[in-house]
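# Architecture at a glance
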Amino acid sequence: MTIPVAKVCLTMDAKEIYYASWNLDACDGLGFMQTDDAAHGKVAIICPANLLDEVKSFVGGLQADGMNITIDSIEEQ
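I will try to describe carefully the structure that is included in this document. (Residues numbered from 1 in each chain as written. Predicted model: local features only at pLDDT ≥ 70, side-chain atom pairs only at ≥ 80, totals over all residues. Heavy atoms only, no water.)

## Some remarks on the overall build of the protein
From N to C terminus, the protein includes two helices and four strands. For the protein, the sequential pattern of α-helices and β-strands runs β-α-β-β-α-β. Scaling as 2.2 N^0.38, a compact globule of 77 residues should have a C-alpha radius of gyration of about 11 Å, and the protein matches this with 12 Å. Projected onto its principal axes, the C-alpha coordinates of the protein cover approximately 40 × 20 × 15 Å. (Helix = DSSP H or I, 4+ residues; strand = E, 2+ residues; numbered from the N terminus. Rg over C-alpha atoms; globule rule 2.2 N^0.38 Å.)

Next comes the structure, spelled out in structure tokens:
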């Protein structure tokens, strides 16, 4: 059985990648962060597709905390 996954591509300040990743890790089972281009702040969150709304909420929470982060694209696989 294959579980559908989603990939949420983000851009953020490079210095904030560790902080965002650390917070995502604290949300057990939500997903994991992959760094695609650290120098340019390009990362992706890989998560089960059924948790996509929670990941969007997580990103919104980071934005509400003042983090400069944008969702570039969302791919469901």
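## Overview of helix α1 (residues 17-26)
Along an α-helix, residues three or four positions apart point the same way, because every turn accommodates 3.6 residues. Here α1 has its buried residues at I17, A20, N23 and L24. Seen along its axis, α1 keeps its buried residues to an arc of 135 degrees; they face one direction. More than 90 degrees from the buried face of α1, the exposed residues found are Y18, W22, D25 and A26. On its buried face, α1 sits against β1 (5-12), β2 (32-37), β3 (42-48) and α2 (52-64). (Buried < 20%, exposed > 50% of the residue type's maximum accessible area, 1.4 Å probe, protein only. Arc of directions from axis to C-beta. Contact = heavy atoms within 4.5 Å.)

## Some remarks on the nonpolar core
Within the largest apolar cluster, 19 residues are counted, with the highest numbers of intra-cluster contacts made by L10, M12, M33, I45, F58 and I69. Elements supplying a minimum of two residues to this core: β1, α1, β3 and α2. Among all residues touching M33, those that are not within four sequence positions of it are M12, I17, A20, S21, L24, V43, A44 and I45. (Core = buried A, V, L, I, M, F, W, Y, C linked by side-chain atoms within 4.5 Å.)

## Focus: the sheet that holds β1
If you trace the four strands from one edge of the open sheet to the other, you get β2-β3-β1-β4, paired in antiparallel fashion. Each end of this open sheet is capped by a strand with a single partner; those strands are β2 and β4 (69-76). Recorded for the sheet is a direction-independent mean angle of 25 degrees between the axes of neighbouring strands. Bridge count between β1 and β4: seven bridges; the pairing is antiparallel. When the sheet's bridge partners are listed, A6 is paired in β4 with E76. Along the sheet face, α2 touches β1, β3 and β4 and points at about 170 degrees away from the line of β4. (Pairing = 2+ DSSP bridges. Axes fitted to C-alpha atoms, helices over the stretch in contact; angles between N-to-C directions.)

## Things to note about a nonpolar patch on the surface
A cluster of nonpolar side chains, contributed by Y18, Y19 and W22, occupies part of the molecular surface with about 420 Å² of accessible area. Relative to the assigned elements, Y19 resides in helix α1. (Patch = residues over 30% accessible without salt bridge, like charges linked within 9 Å, V, L, I, M, F, W, Y side chains within 5 Å. Areas by Shrake-Rupley, 256 points an atom, 1.4 Å probe, with all protein chains shown as cover. Salt bridge = Lys/Arg side-chain N within 4 Å of Asp/Glu carboxyl O.)

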